[in-house]
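Notes for the structure review
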Amino acid sequence: MKILSIQVGQPRSYGVEGAEDPLERPWTSAIAKEPVPERVWVGAEGVAGDGHADRKHHGGKYMAVLGYAASHYPRWRRELQAPELAFGAFGENLAIEGAWEHTVCVGDVYRVGEAVLVVTKPRQPCQNLARHFRRPDMVELVLRHQAFGWYYRVAEEGWLEPGMTMTVLDRPYPQWTVKEVERVMRERRHEVAASERLARCQALPDDWRERLVAAVDGATA
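First things first, this report covers the structure right here in the doc.

The rules behind each value
Residues numbered from 1 in each chain as written. Predicted model: local features only at pLDDT ≥ 70, side-chain atom pairs only at ≥ 80, totals over all residues. Heavy atoms only, no water. Pairing = 2+ DSSP bridges. Helix = DSSP H or I, 4+ residues; strand = E, 2+ residues; numbered from the N terminus. Axes fitted to C-alpha atoms, helices over the stretch in contact; angles between N-to-C directions. Parallel < 35°, antiparallel > 145°, perpendicular 65-115°, else oblique. Contact = heavy atoms within 4.5 Å. Nonpolar A, V, L, I, M, F, W, Y, C, P; charged D, E, K, R; others polar. Salt bridge = Lys/Arg side-chain N within 4 Å of Asp/Glu carboxyl O.

With respect to topology, 3 strands assemble into an open sheet ordered 6-5-12, the strand pairing being antiparallel. Edge positions in the open sheet fall to strand 6 (46-47) and strand 12 (158-160), since each of these has one partner strand only. Relative to strand 6, strand 5 (residues 40-43) runs antiparallel, the two being bridged by 2 bridges. Looking at the pairing, Val42 lines up with Val47 of strand 6.

For any two helices packed against each other, one specifies the inter-axial angle together with the distance between the axes. At their nearest, the axes of helix 4 (residues 178-186) and helix 6 (residues 206-220) sit 10 Å apart, and the two run at 45 degrees to each other. Considering their axes alone, helix 4 and helix 6 lie oblique with respect to each other. Contacts between helix 4 and helix 6 involve Val181, Val184 and Met185 from the first element and Trp208, Arg211 and Leu212 from the second. Grouping the amino acids of the contact of helix 4 with helix 6 by side-chain chemistry returns 5 nonpolar, no polar and 1 charged.

What follows covers the pattern of salt bridges. The tally for this structure, following the rule as stated, stands at 10 salt bridges. For the salt bridge of Arg183 with Glu180, the shortest nitrogen-to-oxygen distance reads 2.8 Å. Here Arg183 and its partner Glu180 are both found in helix 4, 3 residues apart, which amounts to about one turn of the helix. Note that Arg183 is salt-bridged to Glu191, the shortest N-O span being 2.8 Å. Three or more residues joined by partner-sharing salt bridges are found here, namely Glu180, Arg183 and Glu191.

This is the structure:
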């Protein structure tokens, strides 16, 4: 695995008051990212220079860094008819070669230079993607293609730069790919047995484990 590109962005406001199209109404997000051409510091709160408009649903210890499979881009360029679509278009901090939702697992520990990153959970795509691309079906497309990305927490801080190799140090939960975790989380009220198993995954953030337990309790009550 290799980091092909690193991106950061600050919150920006978009849209027009009173717009008829919901996608054109006012919204604020840091989803628009720009590449960092040289090395950049990654700390406990994320990549230096990166920001978040909604601290409740983005950022923090368990969503410090967003990774995305660089291999998704050729298909997106074709499907969206956007041949110039650049890394960072999906709000990711790291565009990664050799990683996919079906190969990266929650709990994976990666050494990247001096830094150590740990996978925490899949990204749950929200309407900001639809607004960003001006496509009401964008969230549906991302889920259909299993191209949503995943989050890391920063276990050890350090410098990152494009071209760095990501080396797996540990994989404690090989059964829980981010693809499978996203599926179980989305279907948790129906996937009772799988939800019960996933709730025991210590690498998941506490709030996700609590939601899984609540779904199991509700289904078995």
